[in-house]
Amino acid sequence: MKLHIFQSMVLGTLLCACSSPEKQAEQADVFKANPRPVAEQTVKTLEIGATAPDFKLPGVDGKWHSLDDFKAAKALAIVFTCNHCPTAQAYEARLKAVEKDYRSKGLSVVAISPNSPLGLQYEELGYTDLNDDFEEMKIRAKNQQFDFPYLYDGDNEAVSLKYGPVATPHVFLFDAQRKLAYTGRFDAIEKPGAANAEDLRAAIDAVLAGKPVATPVTKTFGCSTKWGWKLEYKDKVQKEWEAKPVSIAKLDEAGVKKLLKNEGSEKLRLINVWATWCGPCVLEYPDFIVLQRMFGARDFEFVSLSADKPDQEAKALKFLKEKFSAVPNYLFSEEDKYALIEAVDPNWNGALPYTILVEPGGKVVWSHQGEVDFYALKRAIVEHPKIGRYY
């Protein structure tokens, strides 16, 4: 028995030693994203007739994918897209429909996210619940039930630099010899349901019929590619946010009720009731500031309401300044915390933290006691009719 165990250990060691790090990662499904700054360079979009550059990228399915994996396809559509862009989201249903309609005819579809997560600002996430991180790509693929590989190129963007997508989404359609036959848009109308990827479908039909594409190049509209050298402006925006003044005002029971009614406002109002002595409150609070930065340019506002004692105003303000809470901040001015509970929400049992989202006029559209699932909250915000994922 001991000899058998020893032999197994030796064999495992030899297999590990003989495998490349990349192969080991494939076998163990342990790819970990590590986005790094990229040297600024001129990006040129691949020209018609060019051969498809090779690639080997990790997918959200836990596998590595290469160009050779699709060698049997009569046509190959490589679509550079991403999670956060409203235009990319507007075309997701059409991308899925094209893949489904042409799968049996010999088309393979590959989606690649070209964006460096380092180059993406909170202020660019106003139309999404997800950023462009690899882990959040997995969530998008699952939520949207992608039936095609969704690959990550955000670590160094080496593959994307070879293709040269100018925006998301940007389509590159190759023929059976992997020569570029079409590059550009899906169609000319971004609004979901208003078009059916006519430009791309016409190009696919031509390629499958062995004919030249009538209009091989079209312009591409969408969010610009977030290259890994676009970091300076992100730092500038961060410093500007941190320089904003932070203050706190006291609010009595009547004031809290008025806050919750949200009258005379056109914005969704998210209110978080917290306290400096509440551990979960303190830990999750910075994520609420992220929400304000994401959605604050739209019909949304975040308001903080401290349940600290009225004489703890200085302590509460110190915390808010440390968290750069440049939003409307309030401290309940009365000692009766049960009055606060009833004023905020009679259905709340009083445990902190408590978070509530109200429409103009006071209708509650989302509420939660305890630590927040921010994915669920962001979805509730972005999918509300006042916000939405598209222009």
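Conventions used here
Residues numbered from 1 in each chain as written. Predicted model: local features only at pLDDT ≥ 70, side-chain atom pairs only at ≥ 80, totals over all residues. Heavy atoms only, no water. Helix = DSSP H or I, 4+ residues; strand = E, 2+ residues; numbered from the N terminus. Buried < 20%, exposed > 50% of the residue type's maximum accessible area, 1.4 Å probe, protein only. Pairing = 2+ DSSP bridges. Salt bridge = Lys/Arg side-chain N within 4 Å of Asp/Glu carboxyl O. Axes fitted to C-alpha atoms, helices over the stretch in contact; angles between N-to-C directions. Parallel < 35°, antiparallel > 145°, perpendicular 65-115°, else oblique. Left-handed = near helix turned anticlockwise from the far one by under 90°. Contact = heavy atoms within 4.5 Å. Nonpolar A, V, L, I, M, F, W, Y, C, P; charged D, E, K, R; others polar. Lys, Arg positive; Asp, Glu negative; His and termini not counted. Polar contact = N/O pair within 3.5 Å; in protein donor to acceptor, adjacent residues only side chain to side chain. Disulfide = S-S within 2.5 Å.

A. How the structure looks around unusual backbone geometry. With an omega of 0°, the peptide bond running from threonine 168 to proline 169 counts as cis. You can see proline 169 is positioned in the loop between β6 (167–168) and β7 (170–174). In the segment running from leucine 352 into proline 353, the intervening peptide bond is cis, with an omega of -5°. Locating proline 353 in the fold gives a position in the loop between α12 (337–344) and β14 (354–358). In this structure, glutamate 157 is a non-glycine residue whose phi angle is positive, near 60°. For glutamate 157, the location among the structural elements is in the loop between β5 (150–152) and α6 (158–163).

B. Molecular detail of the pairing of β7. Burial analysis of β7 places five of its five residues in the buried class, which makes it a mostly covered element. Where burial is concerned, the two faces of β7 agree: the one with His170, Phe172 and Phe174 and the one with Val171 and Leu173 are both buried. Strand direction decides the pairing type here: strand β3 (residues 75–80) and β7, joined by five bridges, are antiparallel. Its bridge partner lying in β7, phenylalanine 80 is registered against histidine 170. Strand direction decides the pairing type here: β7 and strand β8 (residues 180–184), joined by four bridges, are antiparallel.

C. Fine view of the pattern of salt bridges. Applying the stated criterion across every chain yields a total of 18 salt bridges. Here aspartate 129 makes a salt bridge to arginine 389, at a shortest N to O gap of 2.9 Å. With a gap of 260 residues between them, aspartate 129 in the loop between β4 (107–113) and α5 (134–144) and arginine 389 in the segment after α13 (374–382) connect regions that are remote in the sequence. By the burial criterion, aspartate 129 is buried, and arginine 389 matches it. Across the salt bridge formed by glutamate 135 and lysine 138, the nearest N and O atoms sit 3.3 Å from each other. Pair noted here: glutamate 135 and lysine 138 are both in helix α5, with a separation of three residues, about one helical turn. Via salt bridges that share partners, Glu92, Asp129, Arg140, Glu383 and Arg389 belong to a single interconnected network.

D. View of the packing of helix α10 (residues 279–295) against α13. Remark: α10 packs on α13, axes separated minimally by 12 Å, with the N-to-C direction vectors making an angle of 25°. The orientation of α10 relative to α13 falls into the category roughly parallel. Seen along the crossing, α10 lies across α13 with a hand that is right-handed. Residue-level inspection shows Glu284, Asp287, Phe288, Leu291, Met294 and Phe295 of α10 in contact with α13, the latter providing Phe374, Leu377, Lys378, Ile381 and Val382. Here the contact of α10 with α13 is built from residues that sort into eight nonpolar, no polar and three charged.

E. Quick look at the side chain of aspartate 132. With respect to the element layout, aspartate 132 can be found in the loop between β4 and α5. For aspartate 132, which is buried and forms no salt bridge, the nearest opposite charge comes from lysine 226, at a distance of 6.9 Å. A distance of 3.1 Å separates the side chain of aspartate 132 from the backbone nitrogen of asparagine 83, its partner in a polar contact. Excluding its chain neighbours within four sequence positions, the residues that come into contact with aspartate 132 are Cys82, Asn83, His84, Ser113, Asn115, Pro117, Leu120, Met137 and Tyr152.

F. Just the sheet that holds β8, in detail. On the basis of which strands lie adjacent, the open sheet formed by five strands has the order β5-β4-β3-β7-β8 and mixed pairing. Each of the sheet's edge strands pairs with one partner strand only, and the pair in question is β5 and β8. Pairwise comparison of adjacent strand axes, ignoring direction, gives a mean angle of 20° for this sheet. Strands β4 and β5 of the sheet are contacted by α5, whose axis makes an angle of about 175° with β5.

G. View of the side chain of arginine 94. Within the secondary structure, arginine 94 is located in helix α4 (residues 92–102). Owing to a relative accessible area of 5%, arginine 94 belongs among the buried residues under this scheme. Among the polar contacts made by the side chain of arginine 94, one reaches the side chain of aspartate 187 at a distance of 3.0 Å.

H. Region of interest: the state of the cysteines. One pass over the full model with this rule turns up one disulfide. Covalently, cysteine 278 is tied to cysteine 281 through a disulfide, its sulfur atoms 2.3 Å apart. Sign of the S-S torsion, about 75° for the bond between cysteine 278 and cysteine 281, identifies this disulfide as right-handed. What makes cysteine 278 buried here is its relative accessible area of 5%. Judged by relative accessible area, cysteine 281 falls into the buried class, the value being 1%. Cysteine 82 forms no disulfide, and the closest cysteine sulfur to it belongs to cysteine 85, at a distance of 5.0 Å.

I. Just the sheet that holds strand β15 (residues 364–369), in detail. Strand order in this open sheet of six strands is β10-β13-β12-β11-β14-β15, and the pairing throughout is mixed. In this open sheet, the two edge strands, each paired with only one partner strand, are β10 (249–251) and β15. Across this sheet, the average inter-strand angle for adjacent strands is 25°, counted without regard to direction. Bridging between strand β11 (residues 268–274) and strand β12 (residues 300–306) involves seven bridges; their strand directions are parallel. When the bridges of β12 are listed, isoleucine 271 appears paired with valine 303. Along the sheet, α10 contacts β11, β12, β13 (329–332) and β14; its crossing angle with β12, the most-contacted strand, is approximately 155°.

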